[in-house]
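Residue-level structural notes
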Amino acid sequence: MLYSLTDALAYNVLLVGALAACLQAQGINPDLLRRHLQSPDPDRFVTQEALDLVAGLMGRPAMEGRPEPAWHFIGRDIAERGVAQDPGRPRRSER
């Protein structure tokens, strides 16, 4: 049970970091971001894993000459496959 809770916490931190990275890239006011994250240092959430996930989701290429990071692959896979709204409804790539 505790192992699962720590996994959940890690994924929540990854999600917060990915959202913070997206908002920073869009030029959100830093004070507004700090207030919503309830942290004086929003960059503490923006880890390399969060940046890799965002890059994959946005279709940005991984660094050339290096193996693709796991979270970049996962983000890219999510972006390419899409998310079906209804289990019976075909995905975008199947339409």
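Residues numbered from 1 in each chain as written. Predicted model: local features only at pLDDT ≥ 70, side-chain atom pairs only at ≥ 80, totals over all residues. Heavy atoms only, no water.

The residue sitting at the N-terminus of helix H2 (residues 30-37) and contributing the capping side-chain oxygen is asparagine 29; that oxygen lies 2.7 Å from the backbone nitrogen of aspartate 31. At the exit of H2 stands glutamine 38, carrying a positive phi of roughly 55°. (Polar contact = N/O pair within 3.5 Å; in protein donor to acceptor, adjacent residues only side chain to side chain. Helix = DSSP H or I, 4+ residues; strand = E, 2+ residues; numbered from the N terminus.)

Turning our attention to helix H4 (residues 70-81). Over its twelve residues, H4 extends 16 Å from the first C-alpha to the last, a length consistent with the 16 Å expected when each residue adds 1.5 Å. Where H4 terminates, the next one or two residues include glycine 82, which has phi positive at roughly 75°. (Expected span 1.5 Å × (residues − 1).)

Membership of the largest hydrophobic core is limited to eleven residues, which are Leu14, Ala18, Ala20, Ala21, Leu33, Leu37, Phe45, Val46, Ala50, Leu53 and Val54. At the level of secondary structure, the elements contributing two or more residues to this core comprise helix H1 (2-25), H2 and helix H3 (48-57). The element that contributes the greatest number of residues to this core is H1, accounting for four residues. Leave out the neighbours within four places in its chain, and leucine 33 touches Ala20, Leu23, Gln24, Ile28 and Pro42. (Core = buried A, V, L, I, M, F, W, Y, C linked by side-chain atoms within 4.5 Å. Buried < 20%, exposed > 50% of the residue type's maximum accessible area, 1.4 Å probe, protein only. Contact = heavy atoms within 4.5 Å.)

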